[in-house]
Amino acid sequence: MGVCLILLTLLALSLGYKYTQYQTFLGKKPLRMHAQVILQYAKGPQPYYVLKLKDQHGNLFFTTSKEDIKDLTYAFVQVYGKMAKCSFWEFLKSCYFHTFYLALSPSKDYKNPLRTSINAQHLNPLMGNFYNTLFLADSLDARTRKVSVGLGLSHIIAISGFHLGILSAFFYALFKIPYTFLQQRHFPHRNRTYDLGVLVLLVMGVYLVLLDFQPSFLRAFVMAVGAFVLFFSGVELLSFAFLLLVVLVGLALFPNLIRHIGFILSVSGVFYIFLFIKYTPKMPVWLYALLFNSTIFLHMLPIVHAFFSPFSLYQLSAILLAFVFVIFFPLTLILHTLGLGGVFDPYLLKALEWHIPTLDYLTPKWLLGLYVSLSLLAMRYKWAYIGLYVVGLGVFALLALRALY
């Protein structure tokens, strides 16, 4: 309880500091902002450019330009203008910025050499963009995004705790052989699991910085560090109190996460994983894994459609493709390290030619409220957890019938 109070205090202070930043943009006079362009795309029948900007404090803004500007994605710019009318709650997500003048800044993104290395291994720029998204959390090209949404792979491609888990297992296995060799000869008294865990967390910490503290990966990293500490302290790990602690740490450090959809979905996914573990009896590993992926898909369906509307029956393929990705992700990472990143390009490019029909559905607010209430009650009551299955299956049946007819 004391820790939660401290974190809530830190969150209040972080929100207060964020509010002072908000007040700076509320001034009547135009101001100059140093920001990075993290997304740029053309829009409208008479195309104009939309730019998504992130300033030095991590605040997000959208601006537009009718000029025929070159691709500025990941470039740093100096922007002179004023923020449009925007509430503080909106500011925590993003606001529109009226740009009077925009100029390139000499600053360079430290990830550019990695992007260049990845792009050089692919003849088709779509594949370079795909792997930059997969490894560096860049924005996915609209064409590739459409296919990934249709197949239900958006949560797999976007950097998240799933990737952290795969990478942690990969690096643990990679470090284990040389560490065991050295341990047996020089420090047999050391705890191998502890030392390898620290080493893996250090690598993941560097990767987190490389990803510029991407929210879903940040949540997973904070959870991994907390789990590591609690594990060696003999404290229960799979508890909802632990998840709440992780959420409070994340929000205390980065209050903008309270409006970040990726962070919300990431936390929701872990919450339903904990519920699944709590209520699912032991069974053969292969059956448990298959039921796990299927159940989380159902549990997340009403939550995902509270934010995103596209649905396709092809999204069921994600249940099985998740198993393939466990091998695909570290394998392609190794291939890119060796300069052989284009091995799978012919097959992936064929997949981009698929036309996947989708329909639009957004979870009604009354249903979302009911579902969230059942979710919270399910932490204690099994009947509420069964209710989650009923609602999830009901939403899926409705969408499946609409997709078929």
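Residues numbered from 1 in each chain as written. Predicted model: local features only at pLDDT ≥ 70, side-chain atom pairs only at ≥ 80, totals over all residues. Heavy atoms only, no water.

The protein chain has the name Competence protein in an unreviewed UniProt entry, where Helicobacter mehlei is given as its organism. Note on the protein chain: under the UniProt heading Subcellular location (unreviewed entry), the record states "Cell membrane". (UniProt positions renumbered as here; feature names shortened; annotations may be inferred.)

1. Structural notes on the overall build of the protein chain
When helices and strands are counted, the protein chain shows 16 helices and seven strands. Relative to a compact globule of 405 residues, whose C-alpha radius of gyration would be 22 Å, the protein chain shows 23 Å and is just as compact. The principal-axis extents of the C-alpha atoms in the protein chain amount to approximately 60 × 60 × 55 Å. Counting over 405 residues, the protein chain shows a buried share of 43%. When contacts within the protein chain are restricted to residue pairs at least 6 apart in sequence, those whose partners lie at least 24 apart make up 67%. Counting every atom, the protein chain has about 22,100 Å² of accessible surface; 69% of that belongs to carbon and sulfur. (Helix = DSSP H or I, 4+ residues; strand = E, 2+ residues; numbered from the N terminus. Rg over C-alpha atoms; globule rule 2.2 N^0.38 Å. Buried < 20%, exposed > 50% of the residue type's maximum accessible area, 1.4 Å probe, protein only. Contact = heavy atoms within 4.5 Å. Areas by Shrake-Rupley, 256 points an atom, 1.4 Å probe, with all protein chains shown as cover.)

2. What to know about the UniProt feature "transmembrane region" (unreviewed entry) in the protein chain
Mapped onto the present numbering, the UniProt feature "transmembrane region" (unreviewed entry) falls on residues 153-175, 196-215, 221-254, 261-279, 285-308, 320-341, 361-379 and 386-404. The span residues 285-308 carries 83% helix and 0% strand; its end-to-end C-alpha distance comes to 32 Å. Structurally, residues 361-379 is divided into 68% helix and 0% strand, and its ends, taken at the C-alpha atoms, are 28 Å apart.

3. Thoughts on the nonpolar core
Counting 79 residues, the largest nonpolar core has Leu134 and Tyr272 as its most contacted members. The dominant element in this core, judged by the number of residues it contributes, is helix 11 (residues 261-279), at 10 residues. When sequence neighbours within four positions are dropped, the list of residues in contact with Tyr272 reads Ile296, His299, Met300, Ile303, Tyr371, Ser375 and Leu388. Counting residues in each nonpolar core, the second largest holds 17 residues, with Phe25, Val37, Phe91 and Phe97 among its members. (Core = buried A, V, L, I, M, F, W, Y, C linked by side-chain atoms within 4.5 Å.)

4. With respect to the pattern of salt bridges
The final tally for this structure, using the stated rule, is four salt bridges. Salt-bridge contacts for Arg115 lead to Asp109; the nearest nitrogen and oxygen are separated by 3.3 Å. The buried category is assigned to Arg115, whose relative accessible area is 6%. Asp195 serves as the salt-bridge partner of Arg190, at 2.6 Å between the closest nitrogen and oxygen. Under the relative-accessibility criterion, Arg190 is labelled partly exposed at 38%. By relative accessible area, Asp195 is classed as buried at 16%. The network of salt bridges with shared partners includes Asp109, Arg115 and Asp138. (Salt bridge = Lys/Arg side-chain N within 4 Å of Asp/Glu carboxyl O.)

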